[in-house]
Amino acid sequence: MYVVRIKEVEGKLVVKNSKPCDNCIKLMRLFNVKRVFYTNDDGEFVCEKVKSDKLTNRLSAAFRIQNPGNFWRIKK
Ligand SMILES: [Zn+2]
């Protein structure tokens, strides 16, 4: 699976960090996704095994904005 986040900064499109959040990782595991490629802040692709513990980090900013005051997480 490929994840890319693009943001407009001063009229230019810039590739930003798109590391998947805990909920996305859990869903990827549920659907048996083996590898995820995501972009880092330097605009480079990083490849990680979905099983890797390095991926479990946090909830994305978008998730927190959509769910204010709600720390609900998908259970395994
Ligand atoms: Zn997510």
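Residues numbered from 1 in each chain as written. Predicted model: local features only at pLDDT ≥ 70, side-chain atom pairs only at ≥ 80, totals over all residues.

A few words now on the overall build of the chain. Looking only at helices and strands, the chain has two helices and five strands in total. Moving toward the C terminus, one meets the helices and strands of the chain in the order β-β-β-α-β-β-α. Burial status across the chain gives 9% buried among its 76 residues. Here the analysis covers contacts within the chain between residues at least 6 apart in sequence; of these, 45% occur between residues at least 24 apart. (Helix = DSSP H or I, 4+ residues; strand = E, 2+ residues; numbered from the N terminus. Buried ≥ 20, exposed ≤ 12 C-beta atoms within 10 Å, placed from the backbone. Contact = placed C-beta atoms within 7 Å.)

Turning to unusual backbone geometry, a few remarks are in order. In this structure, E10 is a non-glycine residue whose phi angle is positive, near 50°. By the element assignment, E10 lies in the loop between strand 2 (5-9) and strand 3 (12-16). For E10, a count of 5 C-beta atoms within 10 Å translates into the label exposed. Even without being glycine, N32 reaches a positive phi, approximately 65°. In this structure, N32 sits in the loop between helix 1 (22-30) and strand 4 (35-39).

With mixed pairing, three strands are arranged side by side in an open sheet as 1-4-5. The two strands at the open ends of the sheet, each matched to only one other strand, are strand 1 (2-3) and strand 5 (45-49). Summarising the sheet, strand 4 and strand 5 pair through five bridges and their orientation is antiparallel. Paired with R35 across the bridge in strand 5 is K49. (Pairing = 2+ DSSP bridges.)

Here we come to the pairing of strand 3. By the criterion of burial, strand 3 is predominantly exposed, with just zero of the five residues buried. Pairing of strand 2 with strand 3, which is carried by five bridges, proceeds in the antiparallel orientation. Paired with R5 across the strands is K16, a residue of strand 3. The hairpin formed by strand 2 and strand 3 contains two residues between the paired strands, and E10 there has a positive phi angle of roughly 50°.

Once that is clear, we can look at the environment of K7. As for its placement among the helices and strands, K7 is situated in strand 2. Spatially, the C-alpha atom of K7 lies 9.9 Å from that of N17, the residues being 10 residues apart in sequence. Once you skip the residues sitting within four places of it in the chain, K7 turns out to touch V14 and K16.

Further remarks concern the environment of K26. Residue placement: K26 occurs in helix 1. Taking the number of C-beta atoms within 10 Å as the measure of exposure, K26 has 17 and is therefore partly exposed. Taking the C-alpha atoms as reference points, K26 and V50, separated by 24 residues in sequence, lie 8.9 Å from one another.

Remember, this is a structural readout, not a statement about activity or role.
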